[in-house]
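Chains, contacts and geometry: an overview
Spelled out from the first residue to the last, the chains are:
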Amino acid sequence: MAKIITFGIQKGGSSKTTTSGIVAYLLSKEYRVLAVDMDSQGNLTELLTQRDPYDFQGHTIFEALKEQDARRYIQRITDNLHIITADDHIARFSSWLYGTPYRGNMSLVLLETLETIQEQYDFIIIDTPPALGEQTVNALAAANYVVAMFEASKFCYSALSRFLETCVHVQEKVNREMQIAGILRCMIDTRRTDNKALIELVEEEYKELCFQTVITRTAATGRLSINGFEENNELNQAVIQYREFVKELIDRVQK
Ligand SMILES: Nc1ncnc2c1ncn2[C@@H]1O[C@H](COP(=O)(O)OP(=O)(O)OP(=O)(O)O)[C@@H](O)[C@H]1O
Ligand SMILES: [Mg+2]
């Protein structure tokens, strides 16, 4: 049965997509992985498929959610890496949710949708939009584990406590089983003392909730969106730091 891991933070541009994409890719070397794009930007779709998100129009996560059945919406990237894509239509998820007589809990639509295929995978990796709306709440409620992304900026620091509060709220009200796997500190510019200070501040405040691995800002990682994962001659440089993170993550989610 797949472990479902959601990457989130409501602050935009905090490496949610890059990290969830790299993690899905690295895990797929050993495990059966499904990536799920819950963001209307379709960035995870683009990163992993290297195609235009509109290529999958009408066969996206939004259609799967409306049917509460994911089976017909899975796209194959490699034998071990599959994706359910997103395009901008998923932005209408909230209005669909409020306008549809739905018998169950509104926050559990994604989980119910993924349960139809959960047995086929070892890991399901969910990328979320930069907001705390229904797409994110559903992604948190579907998760066995949540990774909070912390990009070294003051605005992300301000977002972090609210994000963790939202996770606790979802745990209390919707899914008691969901756990916070940890905080991943990322996009650190090692030349900047303010970056280092923020990293230390988060460690002081959240202690062992922080993953030990800290991801620096690396040009090759930034270029993954352009170069993709296949036939990318700087791939190792782009993902090398994430190998350590994936080891830690597996350790935390397999306890
Ligand atoms: N470790 C890294 N080193 C260099 N650039 C990075 C790194 N991680 C992410 N980036 C770049 O930073 C930008 C934001 O990253 P990304 O899109 O993954 O963030 P996000 O949190 O998903 O954004 P959004 O909130 O819009 O969904 C992208 O241009 C990405 O290529
Ligand atoms: Mg993103």
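All values reported here derive from a predicted model rather than from experimental measurement.

The next thing to look at is the overall build of the protein. For the protein, the count of helices and strands is 11 helices and eight strands. Overall, the protein is about 50 × 45 × 35 Å in size when its C-alpha atoms are taken along their principal axes. Sorting the 255 residues of the protein into buried and exposed places 56% on the buried side. If you sum the accessible surface of the protein, you get close to 11800 Å²; carbon and sulfur atoms cover 46% of it. In the protein, which carries 27 positive and 35 negative side-chain charges, the distance between the mean positions of the two groups comes to 2 Å.

Within the largest apolar cluster, 91 residues are counted, with the highest numbers of intra-cluster contacts made by Ile61, Ile124, Ile126, Val147 and Leu249. Looking at this core, the element that brings in the most residues is helix α11 (residues 235–253), giving nine residues.

For the rest of this paragraph, the subject is the sheet that holds strand β7 (residues 179–188). Ordered by their spatial adjacency, eight strands build an open sheet running β3-β4-β2-β5-β1-β6-β7-β8, and the pairing between neighbours is mixed. Each having just a single partner strand, β3 (75–76) and β8 (210–216) make up the two edges of the open sheet. Note: β7 against β8, three bridges, orientation parallel. When the sheet's bridge partners are listed, Arg185 is paired in β8 with Val214. Across the face of the sheet, helix α1 (residues 16–27) comes into contact with β1 (3–8), β2 (33–37), β4 (81–84), β5 (123–127), β6 (145–151) and β7 while running at roughly 165° to β5. In the packing of α11 onto the sheet, the strands contacted are β1, β5, β6, β7 and β8, and the crossing angle to β8 comes to about 160°.

Moving on, we get to the environment of Ile4. Here Ile4 lies in strand β1. Residue classification places Ile4 among the buried residues on the basis of a relative accessible area of 0%. Counting along the chain gives 139 residues from Ile4 to Ala143, while the straight-line C-alpha distance between them is 4.9 Å. Each residue touching Ile4, except ones within four places of it in the same chain, is listed here: Leu111, Leu114, Gln118, Ile124, Ile126, Ala142, Ala143, Asn144 and Tyr145.

Another point: the pairing of β6. Of all seven residues making up β6, seven are buried, and the element is well covered by its neighbours. The side-chain alternation of β6 yields two buried faces, one formed by Tyr145, Val147, Met149 and Glu151 and the other by Val146, Ala148 and Phe150. Here four bridges tie β1 to β6, and the two strands are oriented parallel to one another. In the sheet register, Thr6 faces β6, and the bridge partner there is Val146. Pairing between β6 and β7: seven bridges, direction parallel.

Turning next to the site of ligand 1. Surrounding ligand 1, one finds 18 residues, the nearest of these being Ser14, Ser15, Lys16, Thr17 and Thr18. Ser14 has a polar backbone atom sitting 2.8 Å from an oxygen atom of ligand 1. Thr17 is positioned with one of its side-chain polar atoms (N or O) 2.7 Å from an oxygen atom of ligand 1. Placement of ligand 1 is best described as lying within the largest pocket. Those elements giving two or more residues to the shell around ligand 1 turn out to be α1, β8 and α9 (219–222).

Moving on to unusual backbone geometry. Non-glycine residue Met187 carries a positive phi angle of around 55°. Along the chain, Met187 turns up in strand β7. Although it is not a glycine, Lys207 sits at a positive phi angle of roughly 45°. Its place among the elements puts Lys207 in the loop between α8 (193–206) and β8. The class for Lys207 is exposed, based on a relative accessible area of 51%.

Conventions and cut-offs
- Residues numbered from 1 in each chain as written.
- Chains lettered and ligands numbered in written order.
- Predicted model: local features only at pLDDT ≥ 70, side-chain atom pairs only at ≥ 80, totals over all residues.
- Heavy atoms only, no water.
- Helix = DSSP H or I, 4+ residues; strand = E, 2+ residues; numbered from the N terminus.
- Buried < 20%, exposed > 50% of the residue type's maximum accessible area, 1.4 Å probe, protein only.
- Areas by Shrake-Rupley, 256 points an atom, 1.4 Å probe, with all protein chains shown as cover.
- Lys, Arg positive; Asp, Glu negative; His and termini not counted.
- Charge placed at Lys NZ, Arg CZ, Asp CG, Glu CD.
- Core = buried A, V, L, I, M, F, W, Y, C linked by side-chain atoms within 4.5 Å.
- Pairing = 2+ DSSP bridges.
- Contact = heavy atoms within 4.5 Å.
- Axes fitted to C-alpha atoms, helices over the stretch in contact; angles between N-to-C directions.
- Near = heavy atom within 4 Å.
- Polar contact = N/O pair within 3.5 Å; in protein donor to acceptor, adjacent residues only side chain to side chain.
- 1 Å grid on protein atoms, 1.4 Å probe; cavity = no way out; pocket = protein on both sides within 12 Å on 5 of 7 lines; lining within 4 Å.
- Sits in = over half its atoms within 2 Å of the grid points.

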